[in-house]
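# Structural characterization, general
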Amino acid sequence: GAVVSQHPSWVICKSGTSVKIECRSLDFQATTMFWYRQFPKQSLMLMATSNEGSKATYEQGVEKDKFLINHASLTLSTLTVTSAHPEDSSFYICSATSTGDNQPQHFGDGTRLSIL
Amino acid sequence: AQSVAQPEDQVNVAEGNPLTVKCTYSVSGNPYLFWYVQYPNRGLQFLLKYITGDNLVKGSYGFEAEFNKSQTSFHLKKPSALVSDSALYFCAVRDVGDYKLSFGAGTTVTVRA
């Protein structure tokens, strides 16, 4: 149980393109979803937290207009990287958790984004 | 504020030997502690958690961790390591009532045959 599916797993696109990444909880209702960014051989950096039906909460230094997050249902959250540039190239990982203070976050397999 | 320290960037062990990955934490209240493993180009896989109760927690793939409140530690252990355990391991903590996880920097484990 507790499977999180993230799609696509790999994206290569030209500078200026907008890219949408989907994160789905397959067998549980995800009241809260998280989006992380990970640089090579580094830890995860939390970008934003989203709760179903409400606006995402962004961490300090993360541009809201650059990284659009939508959490329209209890099983789906999307991250759109708008007008992507080479510096946005990174590994993006989503996670989801259900209601309950002691529930762990369950992670997707990540999306490798490469902007040319 | 909450934080996690993983003092070792790398741990190298021979297959069949015990494996320990160290983690210390800092929280203002009672901690919820987690261990995750990451394989190359993959997301994080949940291994185990400590919420309350027994200090020794057993998790997936033969891993266990011991919560030590006085030393504020939560070291990950496996009695007999396998080559397939070679991966990047993250310790994470969150305070009771806080939904955000704080991750350690990660420890790369290499198990040689």
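Presented here is an overview of the structure given in this document. Every chain is numbered independently, its residues counted from 1 as its sequence is written. For this description, chains carry letters from A and ligands carry numbers from 1, given in the order in which they are written. For a predicted model such as this one, the threshold for reporting local features is a pLDDT of at least 70, and the threshold for listing and counting side-chain atom pairs is 80 or more; totals across whole chains, interfaces and linings nevertheless cover every residue. Hydrogens are left out, water is left out, and the side-chain values use all remaining heavy atoms of the structure.

## Concerning the overall build of chain A
- The helix and strand inventory of chain A stands at zero helices and 11 strands.
- Put simply, DSSP H or I for four residues or longer makes a helix, DSSP E for two residues or longer makes a strand, and each gets a number counted from the N terminus. Traced from its N-terminal end to its C-terminal end, chain A shows the element sequence β-β-β-β-β-β-β-β-β-β-β.
- For the radius of gyration, the atom set is restricted to C-alpha positions; the globular benchmark scales as 2.2 Å times the number of residues to the power 0.38. For 116 residues, the compact-globule estimate of 2.2 N^0.38 gives 13 Å, and the C-alpha radius of gyration of chain A, at 13 Å, lies within 12% of that figure.
- A principal-axis box enclosing the C-alpha atoms of chain A has dimensions of 40 × 25 × 25 Å.
- Each residue's exposure class comes from its accessible area (1.4 Å probe, protein chains only) as a fraction of the maximum for that residue type: buried when under 20%, exposed when over 50%, partly exposed otherwise. A total of 116 residues make up chain A; the buried ones form 51% of that total.
- Contacts are assigned to residue pairs that have any heavy atoms within 4.5 Å of one another. Across chain A, contacts joining residues at least 24 apart in sequence account for 54% of those joining residues at least 6 apart.

## Quick notes on the interface of chain A and chain B
- Each side of the interface is counted separately: chain A has 22 residues, and chain B has 22 residues.
- For the pairing of chain A and chain B, the buried interface totals around 1,700 Å² over both sides, and the portion due to carbon and sulfur atoms is 51%.
- Note on definitions: salt bridges are taken to be side-chain nitrogens of Lys or Arg within 4 Å of carboxyl oxygens of Asp or Glu. At the boundary of chain A and chain B, one finds two salt bridges.
- Between B:Arg42 and A:Asp109 there is a salt bridge, and its shortest N-O distance comes to 3.1 Å.
- Identification of polar contacts relies on pairs of N or O atoms within 3.5 Å, with a donor-acceptor requirement for protein atoms, meaning one able to donate a hydrogen and the other able to accept it, and with residues adjacent in sequence counted only if both atoms are side-chain atoms. Counting every contact that joins chain A to chain B gives seven residue pairs in polar contact (both at pLDDT 80 or more).
- Breaking the side of chain A that touches chain B down by element, the ones donating at least two residues are strand E4 (32–38), strand E5 (44–51) and strand E9 (90–97) of chain A.
- The residue inventory of the side of chain A that touches chain B, partitioned by class, reads eight nonpolar, 10 polar and four charged. Defined in terms of a 1.4 Å probe, buried area is the accessible area two parts forfeit on being brought together, summed over both. All residues other than Ala, Val, Leu, Ile, Met, Phe, Trp, Tyr, Cys, Pro, Asp, Glu, Lys and Arg, Gly among them, are scored as polar; the first ten of these are nonpolar and the last four charged.

## A look at the nonpolar core
- As used here, the term nonpolar core means buried Ala, Val, Leu, Ile, Met, Phe, Trp, Tyr and Cys residues forming a set that is joined through side-chain atoms within 4.5 Å. Membership of the largest hydrophobic core comes to 27 residues, with the highest contact counts inside it found for B:Leu19, B:Trp35, B:Leu47, B:Leu48, B:Phe74, B:Leu76 and B:Tyr89.
- Secondary-structure elements contributing two or more residues to this core are strand E2 (10–14), strand E3 (19–21), strand E5 (31–38), strand E6 (44–50), strand E8 (64–68), strand E9 (73–78), strand E10 (87–95) and strand E12 (107–112) of chain B.
- The element contributing the most residues to this core is E10(B), with four residues.
- Counting 25 residues, the second largest nonpolar core, distinct from the first, contains A:Cys23, A:Ile69, A:Ala84 and A:Tyr92.

## Considerations on the state of the cysteines
All names here are of chain A.
- We call a pair of cysteine sulfur atoms a disulfide when they lie within 2.5 Å. For the structure on display, the rule yields two disulfides over all chains.
- Paired by a disulfide, Cys23 and Cys94 hold their sulfur atoms 2.0 Å apart. Looking along the S-S bond of the Cys23-Cys94 disulfide, the torsion reads about 80°, which is the right-handed sense. Residue Cys23 is located in strand E3 (residues 19–25), and its partner Cys94 is located in strand E9; the two are separated by 71 residues in the primary sequence.

## Describing the sheet that holds strand E8 (residues 76–81) of chain A
All names here are of chain A.
- DSSP bridges decide pairing: two strands pair if at least two such bridges lie between them. Spatially, the four strands line up as an open sheet ordered E1-E3-E8-E7, and their pairing is antiparallel. Two strands close off the open sheet at either side, each with one partner strand: strand E1 (4–7) and strand E7 (67–73). Here the strands of the sheet are splayed against their neighbours by 15° on average, with no regard to which way each runs.
- Pairing of E3 with E8, which is carried by six bridges, proceeds in the antiparallel orientation. Across the sheet, the residue bridging to Glu22 is Thr78, located in E8. The axes used here are C-alpha line fits, helices contributing only the stretch in contact, and every angle between their N-to-C directions lies in the interval 0 to 180 degrees.

## A short note on the packing of aromatic side chains
- What counts as a ring pair is set by centres within 6.5 Å for rings of Phe, Tyr and Trp (its six-membered ring), and what kind of pair is set by the plane angle: stacked under 30 degrees, edge-to-face over 60, tilted for all other angles. Counted by the stated rule, this structure contains 15 aromatic pairs over all chains.
- On the numbers, 5.9 Å between centres and 65° between planes, the contact of B:Tyr36 with B:Phe46 is edge-to-face. Taken together, the positions of B:Tyr36 in strand E5 and B:Phe46 in strand E6 put the pair 10 residues apart, joining distant regions of the chain.
- For B:Tyr36, a relative accessible area of 0% puts it in the buried group.
- Judged by its relative accessible area of 26%, B:Phe46 is partly exposed.
- Here the aromatic residues A:Phe34, A:Tyr36, A:Phe107, B:Phe34, B:Tyr36, B:Phe46, B:Phe90, B:Tyr99 and B:Phe103 are joined through ring pairs into a cluster of three or more.

## Description of the pairing of E1(A)
All names here are of chain A.
- Residues Val4 and Gln6 point to one face of E1 and are all buried, whereas Ser5 and His7, pointing to the other face, are not buried.
- With four bridges connecting them, E1 and E3 associate as antiparallel partners. The residue of E3 that forms the bridge with Ser5 is Arg24.

On their own, these measurements won't tell you what the molecule is for.
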